[in-house]
Amino acid sequence: MVRLGSALIAIFAVGSASAFAPASQHAVRSTHVLQMTTTEAKDPVKVGVIGCGRIGIVHLGAINKAPGVVPIVVSNPTVSKAEDAAKKFGVAKFTSDAMEVITDPDVDAVWICSPSQFHADQIKACAANGKHVFCEKPIATDLAETVEAINACNEAGVKLMIGLQRRFDPNFLRVRRAIEEKEVGDTIIIKTCSRDPSPPPYEYVKGGGGIFNDMAVHDLDMTRFLAGDDPIEILAVGSCHIDKSIEDLPGSEAFDTASCIVRYPNGVSAMVDVCRQSSYGYDQRAEVLGTSGMIATDNV
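Since the structure is predicted, the reported quantities are computational estimates derived from the model, not experimental observations. For every chain, the first residue of the written sequence is number 1, and numbering continues from 1 along that sequence. Residue-level local features of this predicted model are given only where pLDDT is at least 70; pairs of side-chain atoms are given and counted only at 80 or more, and the full residue set underlies all totals for whole chains, interfaces and linings. Note: side-chain values were computed over all heavy atoms of the structure, leaving out hydrogens and water.

*Asks:* Tell me about the overall build of the chain, and name the residues and values.
*Replies:* Secondary structure elements follow DSSP: runs of H or I no shorter than four residues count as helices, runs of E no shorter than two count as strands, and numbering proceeds from the N terminus. Broken down by element type, the chain carries 9 helices and 14 strands. Looking at the chain as a whole, 44% of its 300 residues qualify as buried. The contact criterion used is simple: two residues touch if any of their non-hydrogen atoms lie within 4.5 Å. Expressed as a percentage of contacts within the chain between residues at least 6 apart in sequence, the contacts between residues at least 24 apart total 69%. We get accessible surface area from the Shrake-Rupley algorithm with a probe of 1.4 Å; when it comes to residues, only the shown protein chains can shield them. If you sum the accessible surface of the chain, you get close to 15800 Å²; carbon and sulfur atoms cover 55% of it. Burial classes follow relative accessibility: with a 1.4 Å probe on protein chains only, a residue under 20% of its type's maximum area counts as buried, one over 50% as exposed, and anything between as partly exposed.

Here it is, written out as structure tokens:
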């Protein structure tokens, strides 16, 4: 077993098997290659931030450190939070109304850091006002709204990026590279896990679309990133073990623990487990078994 950075490569003799029946059709999608380049912009990108809760503050801190971008207005329904964030990060304007951020003529791009149930409407409003969008996951809490939000941005010709940051993490990129360069042979199985140190408050879970939308979305996206294709079959189950107060919520909002099995083309399968609390702290890992080896990240 050889350690390569934060990833491990192990060589084993392996066989393959599939418990799934052949699928009748496969979703077709276009291939997009993400390239990051450094350019020297003449004018900074002026950003408005919606939501000054925990994640909004994280993004404001990152925006302030990024070259070529400056926050010029922030909003939060509790306006005192917006005011505090504006003072902390040197933002000139603050408001309680998200639409004032979206319609501000000086704003080039909007960071949406509001609760999940507001994302789709705010994305569509940004598109209608010609604003580029960075939005925290998920895009929406149901499929129809997700499609509507994406279509609105496409039709308006504005960029839409979702906060699936693990695609940029060097550990996960190392695993992706091992797949692309055939270091582990052909992919057989992909595994990911995400476990948080403590569960979120009831108010966060309520209306958020459930554990698959607001937590497992990172892992499901990572399996798609590593598989390099769209899934063709998914089995998902959930349960509640940690926070019994959420059991009265609808659908998957009542789950704090979940597992998924995802089938990809060519018989590749992915397994995901997520839990809102881990007794030993934050845990995030990925593993890929191939025909000639295995690569896995450390807990990152």
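Okay, back to it.
*Asks:* Talk me through the pattern of salt bridges; I want residue IDs and the actual numbers.
*Replies:* Any Lys or Arg side-chain nitrogen located within 4 Å of an Asp or Glu carboxyl oxygen qualifies as a salt bridge. One pass over the structure, following the stated rule, counts 16 salt bridges. A salt bridge links R167 to D221; its shortest N-O distance comes to 2.9 Å. Taken as a pair, R167 in the loop between β8 (160-162) and α6 (170-180) and D221 in helix α9 (residues 216-227) lie far apart in primary sequence, 54 residues in all. Given the relative accessible area of 11%, D221 is considered buried. Among the salt bridges present, the one from D283 reaches R195, with a minimum N-O distance of 3.4 Å. Taken together, the positions of D283 in strand β13 (residues 283-290) and R195 in strand β9 (residues 187-195) put the pair 88 residues apart, joining distant regions of the chain.

*Asks:* Residue-level account of the pairing of strand β3 (residues 45-50), with values.
*Replies:* At least two DSSP bridges between two strands are needed for those strands to be called paired. As defined by bridge partners, β3 adjoins strand β4 (residues 69-75) across 6 bridges and the pair is classed as parallel. Within β4, the position partnered with V47 by the bridge is P71. Since β3 and β4 lie parallel, the crossover through helix α1 (residues 54-65) that links them has a hand, and here it is right-handed. Relative to strand β6 (residues 109-112), β3 runs parallel, the two sharing 4 bridges. We call a crossover right-handed when, viewed with both strands directed away from the observer, the connection leading from the first strand over the helix to the second proceeds clockwise.

*Asks:* Residue-level account of the packing of aromatic side chains, with values.
*Replies:* Note on aromatic pairs: the rings of Phe, Tyr and Trp (six-membered ring only in Trp) are paired at centre separations within 6.5 Å, and the planes decide the class, stacked below 30 degrees, edge-to-face beyond 60, tilted for the rest. Scanning all chains against the criterion turns up 1 aromatic pair. Directly above the aromatic system of F225 lies the positively charged group of R176, at a separation of 4.3 Å from the ring centroid. By the criterion adopted, a ring carries a charge over it if an Arg CZ or a Lys NZ lies within 6 Å of its centre and within 35 degrees of its normal.

*Asks:* Give a description of helix α5 (residues 143-156) that names residues and reports values.
*Replies:* By this rule, a helix spans an expected 1.5 Å times one less than how many residues it contains. Relative to the 20 Å expected for 14 residues at 1.5 Å per residue, α5 spans 20 Å between its end C-alpha atoms, a close match to the ideal helical length. All buried positions along α5 are accounted for by T146, A149, A152 and C153. Summarising the axial view, the buried residues of α5 lie within an arc of 130°, below the 170-degree limit, and thus occupy one face. Within α5, the exposed residues directed more than 90 degrees away from the buried face are L143, A144, N154 and E155. Here the buried face of α5 lies against α4 (119-128) and β8. As used in this structure description, the phrase polar contact means that two N or O atoms lie within 3.5 Å; if the pair is within protein, one of them must be able to donate a hydrogen and the other to accept it, and residues adjacent in sequence are counted only when both atoms belong to side chains. Near the N-terminus of α5, the side chain that reaches the backbone nitrogen of A144, with its oxygen 3.2 Å away, is that of D142. Positive backbone phi, at 70°, marks G157, one or two positions downstream of α5. Along the arc lie the directions from the helix axis toward the C-beta atoms.

*Asks:* I'd like to hear about the side chain of K137, residue by residue, with values.
*Replies:* Assignment of secondary structure puts K137 in the loop between β7 (132-135) and α5. Charge convention: Lys and Arg are scored as positive, Asp and Glu as negative, and His as well as the terminal groups of each chain are ignored. It is E136 that comes nearest to the buried, bridge-free K137 among opposite-charge side chains, at 5.0 Å. Polar contacts involving the side chain of K137 include one to the main-chain carbonyl oxygen of D214, which spans 2.3 Å. With near-sequence residues (within four places) excluded, K137 lies in contact with S116, H119, I162, G163, L164, Y204, N213, D214, M215, V217 and H218.

*Asks:* Residue-level account of the sheet that holds strand β5 (residues 93-95), with values.
*Replies:* Here we have 6 strands laid out as an open sheet, ordered β5-β4-β3-β6-β7-β8, and parallel in their pairing. In the strand order of this sheet, the two ends are held by β5 and β8, each with one partner. Each strand of the sheet is rotated relative to its neighbour by a mean of 25°, with strand direction disregarded. Both β4 and β5 contribute to a ladder of 3 bridges, which runs parallel. Bridged to V73 within β5 is K93. All axes here are fitted lines through C-alpha atoms, helices being fitted over the stretch that makes contact, and every angle between N-to-C directions spans 0 to 180 degrees. Packed on one face of the sheet, helix α2 (residues 79-89) meets β4 and β5 and runs near 165° to β5.

*Asks:* Go over the environment of I162 with me, naming the residues and quoting the values.
*Replies:* Considering the arrangement of structural elements, one finds I162 in strand β8. Aside from chain neighbours lying at most four places away, what touches I162 is F134, C135, E136, K137 and I139.

*Asks:* Tell me what's going on with the nonpolar core, and back it up with residues and numbers.
*Replies:* Nine residue types can take part in a nonpolar core, namely buried Ala, Val, Leu, Ile, Met, Phe, Trp, Tyr and Cys, and a core is a set of them joined through side-chain atoms within 4.5 Å. Of all hydrophobic cores here, the largest spans 25 residues; its most connected members are I50, V110, I112 and I123. Only β4, α3 (98-102), β6, α4, β7 and α5 provide two or more residues apiece to this core. No other element matches the 5 residues that α4 contributes to this core. Other than its neighbours up to four places away in sequence, I123 contacts I112, V133, C135, I139, A149, C153 and L160.

*Asks:* Give a description of a nonpolar patch on the surface that names residues and reports values.
*Replies:* A surface patch of nonpolar side chains, about 320 Å² in accessible area, is lined by L235, V237, I261 and M271. Residue class for I261 comes out partly exposed when judged on its relative accessible area of 32%. Patch rule: a residue counts if its relative accessible area is over 30% and it has no salt bridge; like charges are joined within 9 Å, and nonpolar side chains (Val, Leu, Ile, Met, Phe, Trp, Tyr) within 5 Å.

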